[in-house]
Amino acid sequence: MTTPLPSLHDFSQVDVFTAVPLQGNPLAVVHGADDLDEARMAALARWTGLSETTFLLRPTQDGADYRVRIFTPAGELPFAGHPTLGSCYAWLRAGGQPRGADIVQECGVGLVRIRRTQGRLAFAAPPLRRAGDVDPATLAQAARGLGIAPDVIRAANWVDNGPAWMAVMLATRAQVLALKPDHAAMGTLKIGVVAPWDPALDGTEAQFEVRAFAPGLGVPEDPVTGSLNAGIAQWLIGAGLAPGRYVASQGTALGRAGRVHVSREEDDIWVGGDVADCIEGRILL
C-alpha cells in the first residue's frame, strides 16, 4: 500500500470560552482537510495532545455551510461544544460565508446552528440522546471516581448529547474545586460536576462552577466544555434549578478562567463564548 505524500494545510489554534489567550480551552483546527483519511486525523489528534483537534471539510448535507470532524486523543466524537465554536470561528476567519442568518455546521450528530450574538458565537444545544435519572450503581461509581461520599451528590442526570456525559450537582463551588478524582475508579464514565456560586463568597461574575472528567477519552480533566455545559443547561433550566440566562465558570482548578454564556430563547438553549486567536500557519500532513 502506497503512503500518500503529505500536503500543506492551513492551520489555526484558538482558545475557546475566553477573550484572553491561554485562559480557556485550546483547539487545533486543520482547514481544507478533505484529502486526509481518518487514520491521519486521529494521528494528529494524538500528536497535538489537546482535548480536541478538528478538521474542516466540504459539507455533504443540504443546508450546511461546512462539515467538521472532531477528534480527541482517544478517538472521534459526534459532537463537542468548544470544537464547534472554535471551528466556526476559524472557518469565518478564513473567509467562510454563511448562506443564511445562522451558520450551519454539519457534524456527527447532524446539523448544528451557530449564531453571532453580543459579540460572541453561540450554538444551539443539540437534543439530548440520553436524559433522566442515573441508576444507583452508576451513581455509586461516579461518587467513587470523584472521591466523595454518595450523599454529597445533591442531584444527578444523564446529559448525553454525543460524548455520553452524566452530570452531578454538589452544594457549593468549594466542594467542586476541592475534588481530587480517582480516574481509575471512574473507568469509562464521563462525569460533569456543577454547583452554584454563592454571591457572598464567590462573587457575581458567574452563577455556576463546572468541572469535566473524561479519562476514557484521554482527557483526565477538560478545561472548558461546551457539550457538557449544553447538557447541564438543558437539565438545570428544564428542572427549574437554574435561571433562563446565566454564566458558568470552568477551568478554575486548572488555572484557567473559562466563561460559558447560557441563555434560553423560546425552545432553544444557546451556549456561547468568546474565542481568542493563538496560532496561525500551515501544517504538513
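Residues numbered from 1 in each chain as written. Predicted model: local features only at pLDDT ≥ 70, side-chain atom pairs only at ≥ 80, totals over all residues. Heavy atoms only, no water.

(A) Layout of the overall build of the chain. Of regular secondary structure, the chain possesses seven helices and 18 strands. C-alpha extents for the chain along the principal axes are approximately 55 × 40 × 30 Å. With 285 residues in all, the chain has 54% of them scored as buried. Across the chain, contacts joining residues at least 24 apart in sequence account for 63% of those joining residues at least 6 apart. Only carbon and sulfur atoms are counted for the fraction: they give 51% of the accessible area of the chain, which is about 12,400 Å². (Helix = DSSP H or I, 4+ residues; strand = E, 2+ residues; numbered from the N terminus. Buried < 20%, exposed > 50% of the residue type's maximum accessible area, 1.4 Å probe, protein only. Contact = heavy atoms within 4.5 Å. Areas by Shrake-Rupley, 256 points an atom, 1.4 Å probe, with all protein chains shown as cover.)

(B) Molecular detail of the packing of aromatic side chains. Across all of its chains, the model carries four aromatic pairs by this definition. The interplanar angle of 75° and the centroid separation of 5.5 Å between the aromatic rings of Phe79 and Phe123 together place this pair among those described as edge-to-face. Residue Phe79 is located in the loop between strand 5 (75–77) and helix 2 (81–93), and its partner Phe123 is located in strand 8 (residues 120–124); the two are separated by 44 residues in the primary sequence. Classification of Phe79 as buried rests on a relative accessible area of 0%. Taking NZ or CZ as reference, Arg130 lies 3.8 Å from the ring centre of Trp158, over its face. (Phe/Tyr/Trp six-rings, centres within 6.5 Å; stacked < 30°, edge-to-face > 60°. Lys NZ or Arg CZ within 6 Å of the ring centre and 35° of its normal.)

(C) Here's a closer look at helix 2. Over its 13 residues, helix 2 extends 18 Å from the first C-alpha to the last, a length consistent with the 18 Å expected when each residue adds 1.5 Å. With 12 of its 13 residues buried, helix 2 lies for the most part within the structure. Among all positions of helix 2, only Gly81, His82, Pro83, Thr84, Leu85, Gly86, Ser87, Cys88, Tyr89, Ala90, Trp91 and Leu92 are buried. A positive phi of about 105° marks Gly95, the residue just after helix 2. (Expected span 1.5 Å × (residues − 1).)

(D) Spatial organisation of the pairing of strand 6 (residues 103–107). Most of strand 6 sits out of view: five of its five residues are buried. Covered by surrounding structure in strand 6 are Ile103, Gln105 and Cys107 together with Val104 and Glu106, the residues of both alternating faces. Where strand 4 (residues 66–72) meets strand 6, two bridges bridge the pair, whose relative direction is parallel. From the neighbouring strand, Tyr66 faces strand 6, where its bridge partner is Gln105. (Pairing = 2+ DSSP bridges.)

(E) A look at empty space enclosed by the protein. Scanning the entire structure with this criterion turns up one cavity of 30 Å³ or more. Of the pockets and cavities examined, the largest cavity occupies roughly 120 Å³. When contributions to the lining of the largest cavity are tallied by element, the ones reaching two or more residues are helix 2, strand 14 (219–222) and helix 7 (226–238). Element by element, the count of residues in the lining of the largest cavity is highest for helix 2, at three residues. Here the residues of the lining of the largest cavity are counted per class, giving nine nonpolar, seven polar and two charged. (1 Å grid on protein atoms, 1.4 Å probe; cavity = no way out; pocket = protein on both sides within 12 Å on 5 of 7 lines; lining within 4 Å. Points joined across faces, edges and corners; volume = space filled by probe spheres on them. Nonpolar A, V, L, I, M, F, W, Y, C, P; charged D, E, K, R; others polar.)

(F) Expanded view of the layout of surface pockets. A volume near 210 Å³ is recorded for the second largest pocket. Together, 15 residues line the second largest pocket, and Gln118, Arg120, Arg245, His261 and Ser263 are the ones closest to its centre. Going through the elements one at a time, strand 7 (110–117), strand 8, strand 15 (245–250), strand 16 (258–265) and strand 17 (268–273) are the ones with two or more residues in the lining of the second largest pocket. A total of four residues in the lining of the second largest pocket trace back to one element, the largest contributor, which is strand 16.

(G) Examining the side chain of Glu209 more closely. Looking at where Glu209 falls in the secondary structure, it is placed in strand 13 (residues 208–214). A distance of 2.7 Å separates the side chain of Glu209 from the side chain of Arg173, its partner in a polar contact. Polar contacts involving the side chain of Glu209 include one to the side chain of Trp197, which spans 3.0 Å. (Polar contact = N/O pair within 3.5 Å; in protein donor to acceptor, adjacent residues only side chain to side chain.)

(H) Structural context of the side chain of Asp15. Among the secondary structure elements, Asp15 is positioned in strand 1 (residues 8–16). Buried charged residue Asp15 carries no salt bridge. Nearest counter-charge: Arg256, at 5.3 Å. Side-chain polar atoms of Asp15 contact the backbone nitrogen of Leu22, separated by 2.6 Å. At a separation of 3.0 Å, a polar atom in the side chain of Asp15 contacts the main-chain amide nitrogen of Gly24. Beyond its immediate chain neighbours, meaning those up to four positions away, Asp15 contacts Val20, Pro21, Leu22, Gln23, Gly24, Asn25, Pro26, Asp274, Val275, Ala276 and Cys278. (Lys, Arg positive; Asp, Glu negative; His and termini not counted. Salt bridge = Lys/Arg side-chain N within 4 Å of Asp/Glu carboxyl O.)

(I) Highlighting the pattern of salt bridges. Evaluated as defined, the whole model comprises 15 salt bridges. Close ionic contact of Arg69 with Glu76 constitutes a salt bridge, the shortest N to O distance being 2.8 Å. The partner of Asp268 in a salt bridge is Arg113, and the shortest N-O contact between them spans 2.8 Å. Taken together, the positions of Asp268 in strand 17 and Arg113 in strand 7 put the pair 155 residues apart, joining distant regions of the chain.

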